[in-house]
Every structure is written in structure tokens, then in C-alpha cells.
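Geometric and topological summary
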Amino acid sequence: MKKYIFVLIIFFVLLSGCLSVRSDNSTTDKLGSSKDETGKITLQGLTFNTQVQPALETAKVQGKPVFVYARSEDCGYCRKFEAETFTNKTVIKTLNENFILVSIDVYGQRSERINFRVRGTPTEIFLDNNGMEIKRITGYTETQPFLDTINEIIK
């Protein structure tokens, strides 16, 4: 009986070492992105709002267009797009300086997915500062064509 108790104690000690608690109020998903309680998500080198309405209000005040990135954790092309495009220094600089960024999780934010008529991921939607759609890219896009698109929008 003592052996079983000893084995159980060791098992629980080992198991508790595998579990961790994050004290920074953030979580990390399968894509390596981190989400915090402030309504922001970080994808590679970019920080996105996760709520559309506050982002639209900010866009109106700052006079900037909005970049809405519809994604899902299960999407292989989202992972590829984020790993290649969201790590490009020129893309990061251009998006950060010229756009208000929003990311929506198509599974977790179903009403936003319906409102934006997102049928697949990734989907990139560009809105003017009044919330009207300027351009939509459905599916994976390589870095240079994406960069060409965002430069075209800011002109």
C-alpha cells in the first residue's frame, strides 16, 4: 500500500510540473500568436485588435484605413501567410504606420465572419476609415503581391 501511495505522489508531482499558469493574462494558440485580455492579439511582428467596432472608431479618428485579417487556428495557409508575410519588415512597417489592424477568428467570432462574408481563411479585407470595403483578398497571398496591394491602398 505504501508503494502505491508513493507512486501516486510522484505521479502528481511530475504531472504538476507539466502544467503551467500564465500570470501575464495572455494565451498562446497553435499558430504561436498571443492574445491578451485587452482585446489585442499579436501575430508575428504585428499587434491586431480583436474587436471590430473600436478599431473602426480609431480609424475614423486617425483617418486611416482598416486591415481586417480573418483567420483560424486550424488553417495551414494562415500559418504560412503569417510566417512569411507578417515577418517581413516592410510589411510590418507599412501596416503599422498606415492601417488600423483587426484580426477575427472565424470560429470564435461567427457574427463577424457572417458580417464580413468570410467563406474561407485566410481572408484579408481592407476598409476605408468609414468602414466601407475597398478590397478583399481571399486565400493565401505571397508577400510581394500583398505588399503591392497595401501600397496601392495607401496611395
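As a reminder, the structure under discussion sits directly above these lines.
Residues numbered from 1 in each chain as written. Predicted model: local features only at pLDDT ≥ 70, side-chain atom pairs only at ≥ 80, totals over all residues. Heavy atoms only, no water.

1. Overview of the packing of helix 4 (residues 89-98) against helix 6 (residues 143-154)
Running from N to C, helix 4 and helix 6 point in directions that differ by 25 degrees, and their axes come no closer than 10 Å. Taken as axis vectors, helix 4 and helix 6 run roughly parallel relative to one another. Seen along the crossing, helix 4 lies across helix 6 with a hand that is left-handed. Between helix 4, through T90, V91, T94, L95 and N98, and helix 6, the contact on the second element is made entirely by T143, F146, L147, I150, N151 and I154. For the contact of helix 4 with helix 6, a count of residues per class yields six nonpolar, five polar and no charged. (Axes fitted to C-alpha atoms, helices over the stretch in contact; angles between N-to-C directions. Helix = DSSP H or I, 4+ residues; strand = E, 2+ residues; numbered from the N terminus. Parallel < 35°, antiparallel > 145°, perpendicular 65-115°, else oblique. Left-handed = near helix turned anticlockwise from the far one by under 90°. Contact = heavy atoms within 4.5 Å. Nonpolar A, V, L, I, M, F, W, Y, C, P; charged D, E, K, R; others polar.)

2. With respect to helix 4
For an α-helix the count is 3.6 residues per turn, leaving residues at separations of three or four pointing the same way. Looking at helix 4, one finds that the buried residues are V91, I92, T94 and L95. Contacts from the buried residues of helix 4 go to strand 4 (46-49), strand 5 (66-71), strand 6 (100-105) and helix 6. The distance from a side-chain oxygen at the start of helix 4 to the backbone nitrogen of T90 is 2.9 Å, and the residue carrying that oxygen is N88. (Buried < 20%, exposed > 50% of the residue type's maximum accessible area, 1.4 Å probe, protein only. Polar contact = N/O pair within 3.5 Å; in protein donor to acceptor, adjacent residues only side chain to side chain.)

3. Looking at the packing of aromatic side chains
The tally for this structure, following the rule as stated, stands at 14 aromatic pairs. An angle of 40 degrees between the planes, with centres 6.2 Å apart, marks the rings of F48 and Y69 as tilted. With F48 in strand 4 and Y69 in strand 5, this residue pair connects regions lying 21 residues apart in the sequence. Ring centres 5.2 Å apart and planes at 85 degrees place the aromatic pair F81 and F146 in the edge-to-face group. Taken together, the residues F81 in helix 3 (residues 76-84) and F146 in helix 6 connect sequence positions 65 residues apart. Of the two residues, F81 and F146, both sit in the buried class. Here a set of aromatic residues connected by ring pairs shows up, and it is made of F48, F67, Y69, F81, F86, F99, F126 and F146. (Phe/Tyr/Trp six-rings, centres within 6.5 Å; stacked < 30°, edge-to-face > 60°.)

4. Details of the pairing of strand 5
Most of strand 5 is tucked away, with six of its six residues classed as buried. Pairing of strand 5 with strand 6 involves six bridges; the strand directions are parallel. Pairing of V68 across the sheet is with V102, part of strand 6. The pairing of strand 5 with strand 7 (residues 123-127) spans five bridges and is classified as antiparallel. If you follow V66 over to strand 7, its bridge partner there is L127. (Pairing = 2+ DSSP bridges.)

5. A word on the pattern of salt bridges
Considering all chains together, one arrives at five salt bridges under this definition. The salt bridge partner of R71 is E82, with a shortest N-O separation of 2.9 Å. Of this pair, R71 sits in strand 5 while E82 sits in helix 3, and the two are 11 residues apart along the sequence. There is no split in this pair, since R71 and E82 are both buried. A salt bridge links E133 to R117; the nearest nitrogen and oxygen atoms lie 3.7 Å apart. Of this pair, E133 sits in strand 8 (residues 133-138) while R117 sits in the loop between helix 5 (110-115) and strand 7, and the two are 16 residues apart along the sequence. On the basis of relative accessible area, E133 is assigned to the partly exposed category, the value being 37%. (Salt bridge = Lys/Arg side-chain N within 4 Å of Asp/Glu carboxyl O.)

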